[in-house]
Amino acid sequence: MAAHLSYGRVNLNVLREAVRRELREFLDKCAGSKAIVWDEYLTGPFGLIAQYSLLKEHEVEKMFTLKGSRLPAADVKNIIFFVRPRLELMDIIAENVLSEDRRGPARDFHILFVPRRSLLCEQRLKDLGVLGSFIHREEYSLDLIPFDGDLLSMESEGAFKQVANMMIRMKREFTGSQNSVFPVFDNLLLLDRNVDLLTPLATQLTYEGLIDEIYGIQNSYVKLPPEKFAPKKQGDGGKDLPTEAKKLQLNSAEELYAEIRDKNFNAVGSVLSKKAKVISAAFEERHNAKTVGEIKQFVSQLPHMQAARGSLANHTSIAELIKDVTTSEDFFDKLTVEQEFMSGIDTDKVNGYIEDCIAQKHSLIKVLRLVCLQSVCNSGLKQKVLDYYKREILQAERLVLQTYGYEHILTLHNLEKAGLLKPQMGGRNNYPTIRKTLRLWMDDVNEQNPTDISYVYSGYAPLSVRLAQLLSRPGWRSIEEVLRILPGPHFEERQPLPTGLQKKRQPGENRITLIFFLGGVTFAEVAALRFLSQLEDGEIRASCSQ
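Residues numbered from 1 in each chain as written. Predicted model: local features only at pLDDT ≥ 70, side-chain atom pairs only at ≥ 80, totals over all residues. Heavy atoms only, no water.

## Concerning the pairing of strand β10 (residues 221–224)
And then number 1: In β10, alternate side chains face the same way, and those of Val222 and Leu224 are buried while those of Tyr221 and Lys223 on the opposite face are not.
And then number 2: When strand β9 (residues 217–218) meets β10, the two strands line up antiparallel, connected through two bridges. The partner of isoleucine 217 across the bridge, within β10, is valine 222.
And then number 3: Inspection of the sheet shows β10 paired to strand β11 (residues 246–249) by four bridges, in the antiparallel sense. Of the residues in β11, the one forming a bridge with valine 222 is leucine 248. (Buried < 20%, exposed > 50% of the residue type's maximum accessible area, 1.4 Å probe, protein only. Helix = DSSP H or I, 4+ residues; strand = E, 2+ residues; numbered from the N terminus. Pairing = 2+ DSSP bridges.)

Shown next as structure tokens:
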């Protein structure tokens with residue numbers, strides 16, 4: 001059991017166990033030894049549901065990544081393909097199956113579509129002459145994957161607006177039917193990422209957010225430079241340093257990480273220092289253990305103490321790696337420009353720092369994030385400013401064609417298409433109205449002991465989370481003017497409950513709100529929601545489509 005999934009009022013471990021049971025039942029249908037061929041995109045999400053030990057218990061002996069041509073040799077009875085319903089993957093599967101048929105002896109083939117079975121994909125397999133080779137063709141409903149006790153993800157690239165439409169359709173179809181299931185959540189807030197394009201462009205400044213910014217967190221795991229984690233030995237002169245990246249899992253199962261993950265990075269050092277003193281004092285207690293009972297008690301606590309010391313060592317090393325970046329002059333300059341844009345300073349003119357980044361051939365992602373941030377904070381760029389940036393990035397084959405690559409001409413087009421990079425229409429900038437009404441910029445931020453969600457970006461309050469806060473209290477009627485300015489429509493649906501399902505709220509019992517981000521969510525936003533749930537009279541669960 002994953003204990004960190006069950007600490008809240010909504011026990012997400014129940015969801016994890018349900019999908020694990022479904023997986024075991026499917027594997028048991030395929031009697032005998034097995035090899036799994038993975039759609040590589042699925043390996044990360046599946047790792048949060050079932051480790052290799054569970055697969056091994058059900059006779060899985062080999063695992064391969066789905067690739068063209070022939071599968072690696074495996075002396076197994078069953079070959080199972082775990083794939084998303086994508087037509088291009090069916091072509092690869094057909095190639096694998098046909099090559100196995102020629103190789104012999106005969107194998108039993110099975111295919112598990114995640115999360116939905118697809119008639120189009122089955123038709124493609126039929127057209128390629130291999131559909132009849134599969135004994136089992138089923139779907140595995142891995143819709144919501146628990147990442148932590150208050151965080152779920154669909155890990156879907158194409159969910160977006162279909163979620164809202166699906167829920168409204170379900171409500172219509174089930175109207176009048178008998179439903180005996182008690183509701184788990186009191187409120188559901190669906191937020192399309194298009195409503196708040198600003199937040200994911202800004203640099204996250206929480207501990208977890210900076211780990212993601214610098215190294216990238218994928219399916220709760222991060223890969224870090226190995227040299228910081230090598231055991232220090234005297235006299236070895238730095239020889240034989242590890243070369244393989246240090247891989248760590250990051251979730252609230254780790255006590256120290258749960259404590260520091262959502263803090264502004266400037267507040268992390270003091271916590272690590274205090275924790276080091278506490279752990280050191282705990283180990284010193286061994287000298288005070290005199291009786292057999294005292295020694296026995298100390299020994300029983302030793303595994304927990306050693307785990308705490310290892311955790312402290314890891315996070316001290318990570319904090320040092322992050323500090324090397326955040327104390328650099330370039331990081332400070334970039335952050336200064338971001339905060340100027342978000343506070344409404346010089347958003348309507350060409351920015352000198354961005355010019356320098358282009359000239360010095362900095363990362364294209366860095367340049368584009370800054371240009372898009374300026375565009376969003378100005379409700380689009382003046383045409384002459386936009387043309388200048390595009391000309392600088394694309395000019396002369398020396399830049400995009402050599403430094404950045406031909407394919408990024410299309411990148412610029414796609415950013416315009418998404419509304420991240422666009423000319424200002426009608427000459428009106430709506431961002432100042434949104435910023436002031438929703439209090440998106442706070443000059444006085446206490447990073448050590450925060451009183452507002454703006455601490456996660458050291459001044460900027462994520463628009464998405466501010467909307468969630470205002471929905472809770474005093475309600476969106478107070479910001480109708482801003483809602484009309486924000487992209488897309490807003491709507492409210494109320495679901496009437498049968499009398500038998502209406503429960504009386506006990507004194508002190510909090511409301512539970514599920515906030516669903518369509519199009520992904522940042523770690524800083526999740527941190528702000530956790531902070532908000534501590535301030536408000538309620539409990540918040542976050543979920544996202546990606």
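Structure's up, so let's keep going.
## As for the pattern of salt bridges
And then number 1: This model, assessed by the stated rule, comprises 27 salt bridges.
And then number 2: Here aspartate 108 makes a salt bridge to lysine 77, at a shortest N to O gap of 2.8 Å. Residue aspartate 108 is located in strand β4 (residues 108–113), and its partner lysine 77 is located in the loop between β2 (60–65) and β3 (78–83); the two are separated by 31 residues in the primary sequence.
And then number 3: Residue classification places lysine 77 among the partly exposed positions, given a relative accessible area of 44%.
And then number 4: Sharing partners across several salt bridges, the network here consists of Arg16, Glu17 and Arg20. (Salt bridge = Lys/Arg side-chain N within 4 Å of Asp/Glu carboxyl O.)

## Examining the packing of helix α13 (residues 364–377) against helix α14 (residues 383–394)
And then number 1: Orientation of α13 relative to α14, taken along the N-to-C sense of each, is 175°, at an axis distance of 12 Å. With respect to α14, the element α13 is oriented roughly antiparallel. On α14, the residues that touch Leu364, Val367, Leu368, Val371 and Gln374 of α13 are Val385, Tyr389 and Ile393.
And then number 2: Here the contact of α13 with α14 is composed, by residue class, of seven nonpolar, one polar and no charged. (Axes fitted to C-alpha atoms, helices over the stretch in contact; angles between N-to-C directions. Parallel < 35°, antiparallel > 145°, perpendicular 65-115°, else oblique. Contact = heavy atoms within 4.5 Å. Nonpolar A, V, L, I, M, F, W, Y, C, P; charged D, E, K, R; others polar.)

Functional significance is not addressed by these values, which are geometric in nature.
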